[in-house]
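Structural overview
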Amino acid sequence: MTVFLYVTDTLADWEIAFLTAELYSKRFFADKRTDCKIVKTGMTDEPVTTMGGMKIIPDCTVDDIVLKDGDMLVLPGADTWLSPVHDRILEIADKRIQAELPVAAICGATAGLARTGALNRRKHTSNDVSFLKQTVPSYTGEPLYVQDSAVSDRNLVTASGQAPLLFAYEILKLLHVFRPDTLEAWKNLYLTNEPVYFYRLMQSLSVQQ
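Everything in this summary refers to the structure shown in the same document.

Rules used in this analysis
Residues numbered from 1 in each chain as written. Predicted model: local features only at pLDDT ≥ 70, side-chain atom pairs only at ≥ 80, totals over all residues. Heavy atoms only, no water. Buried < 20%, exposed > 50% of the residue type's maximum accessible area, 1.4 Å probe, protein only. Helix = DSSP H or I, 4+ residues; strand = E, 2+ residues; numbered from the N terminus. Pairing = 2+ DSSP bridges. Salt bridge = Lys/Arg side-chain N within 4 Å of Asp/Glu carboxyl O. Contact = heavy atoms within 4.5 Å. Axes fitted to C-alpha atoms, helices over the stretch in contact; angles between N-to-C directions. Parallel < 35°, antiparallel > 145°, perpendicular 65-115°, else oblique. Nonpolar A, V, L, I, M, F, W, Y, C, P; charged D, E, K, R; others polar. Phe/Tyr/Trp six-rings, centres within 6.5 Å; stacked < 30°, edge-to-face > 60°. Lys NZ or Arg CZ within 6 Å of the ring centre and 35° of its normal.

**Comments concerning the pairing of strand β7 (residues 103–106)**
On β7, burial covers both faces: Val103 and Ala105 on one face and Ala104 and Ile106 on the other are all buried. With 3 bridges joining them, strand β6 (residues 72–75) and β7 adopt parallel strand pairing. Looking at the pairing, Leu73 lines up with Val103 of β7. Note: β7 against strand β9 (residues 156–159), 4 bridges, orientation parallel. Pairing of Ala104 across the sheet is with Val157, part of β9.

Here's what the structure looks like:
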């Protein structure tokens, strides 16, 4: 399984932090032998600069990626999603959404998907429904808008930029790399900071061994 992470200038660092840390470290995976890799995908092979000033070197370009059915395409937020420069990756994302194959978008990337019409056909969320209506005049998906931090519908995950944890949670749930009890304890630990969930998380791992 490969997670293709689209990287672009002004990428919002925090929106992918929970996800990339867990996928790369595999520390809570049900089976650490699971073949799971992150491939950073850019418009070109030139380094990009995140909103936090971090330099990321793409592993490949959009034109090079070959997504299998079980792979995940992740679109992080950035300040440039209304630019036509992202049309190629949005075309790929829209085709996968139509085929009900895994795609995840957060914050500004949801506006990018709205440009393709994808959000007119799936339950979804974003920073706010007014954000989508104002930024994308062609958006008509308001009846399918869910007032929640993160939403998953038929392999499409969408989230508000204020919900990186729940964004990661929904993606991890789709990928089936954590045991269900591990995933719930992990989510609740970071949401509440209650020690009880740390012990539940550790217990879930001991059951796996």
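**Quick look at the pattern of salt bridges**
Under the criterion given, the structure shown has 14 salt bridges. The salt bridge involving Arg121 is made with Asp94; its shortest N-O contact spans 2.6 Å. Of this pair, Arg121 sits in the loop between α3 (108–116) and α4 (129–135) while Asp94 sits in helix α2 (residues 87–98); the two residues are 27 residues apart in sequence, bridging distant segments of the chain. Classification of Arg121 as partly exposed rests on a relative accessible area of 33%.

**Re the side chain of Thr2**
Following the sequence through the fold, Thr2 ends up in strand β1 (residues 2–6). Residue classification places Thr2 among the buried positions, given a relative accessible area of 11%. Residues contacting Thr2, with those up to four places away along its chain left out, are Lys37, Val39, Asp71 and Met72.

**Comments concerning the packing of helix α5 (residues 164–175) against helix α6 (residues 180–192)**
Where α5 contacts α6, the two axes come as close as 11 Å, and the packing angle between them is 180 degrees. One element, α5, and the other, α6, form an angle in the roughly antiparallel class. Residue-level inspection shows Leu165, Leu166, Ala168, Tyr169, Leu172 and Lys173 of α5 in contact with α6, the latter providing Leu183, Glu184, Trp186, Lys187, Tyr190 and Leu191. Looking at the contact of α5 with α6 residue by residue, the classes come out as 9 nonpolar, no polar and 3 charged.

**Here's the deal with the sheet that holds strand β2 (residues 37–42)**
One open sheet accounts for 7 strands, arranged β5-β2-β1-β6-β7-β9-β8; its pairing is mixed. Whereas interior strands pair on both sides, the edge strands pair on one side only; in this sheet they are β5 (60–61) and β8 (150–153). Pairing of β8 with β9 involves 4 bridges; the strand directions are antiparallel. Opposite Asp153, over in β9, you have Leu156 as the bridge partner.

**Describing the packing of aromatic side chains**
Aromatic ring pairs are defined here through the distance separating the ring centres and the angle between the ring planes. One pass over the structure, following the stated rule, counts 8 aromatic pairs. Ring plane angle 50 degrees and centroid distance 5.5 Å describe the contact between Tyr6 and Trp81, whose orientation is recorded as tilted. Of this pair, Tyr6 sits in strand β1 while Trp81 is found in the loop between β6 and α2, placing the two residues 75 residues apart along the sequence. On the numbers, 6.0 Å between centres and 90 degrees between planes, the contact of Phe178 with Trp186 is edge-to-face. For the pair formed by Phe178 and Trp186, the shared burial category is buried. Among the aromatic residues, those joined into a cluster by ring pairs are Phe18, Phe28, Phe29, Phe178, Trp186 and Tyr190. Across from the ring centre of Tyr169, 4.5 Å away, lies the NZ or CZ of Lys187, which sits over that ring.

**Considering the environment of Thr8**
You can see Thr8 is positioned in the loop between β1 and α1 (17–25). According to the relative accessible area criterion, Thr8 is buried, its value standing at 3%. Setting aside residues no more than four positions away along its own chain, Thr8 makes contact with Met43, Val48, Thr49, Ala78, Thr80 and His86.

**Notes on the packing of α1 against α5**
Across the interface, α1 lies against α5 with an axial gap of 7 Å and an inter-helix angle of 40 degrees. By the angle class used here, α1 and α5 are oblique. Residues Phe18, Leu19 and Leu23 of α1 form the contact with α5, whose own contacting residues are Pro164, Leu165, Ala168, Ile171, Leu172 and Leu175. Considering only residue class, the contact of α1 with α5 consists of 9 nonpolar, no polar and no charged.

Function-wise, these values are silent; they only describe arrangement.
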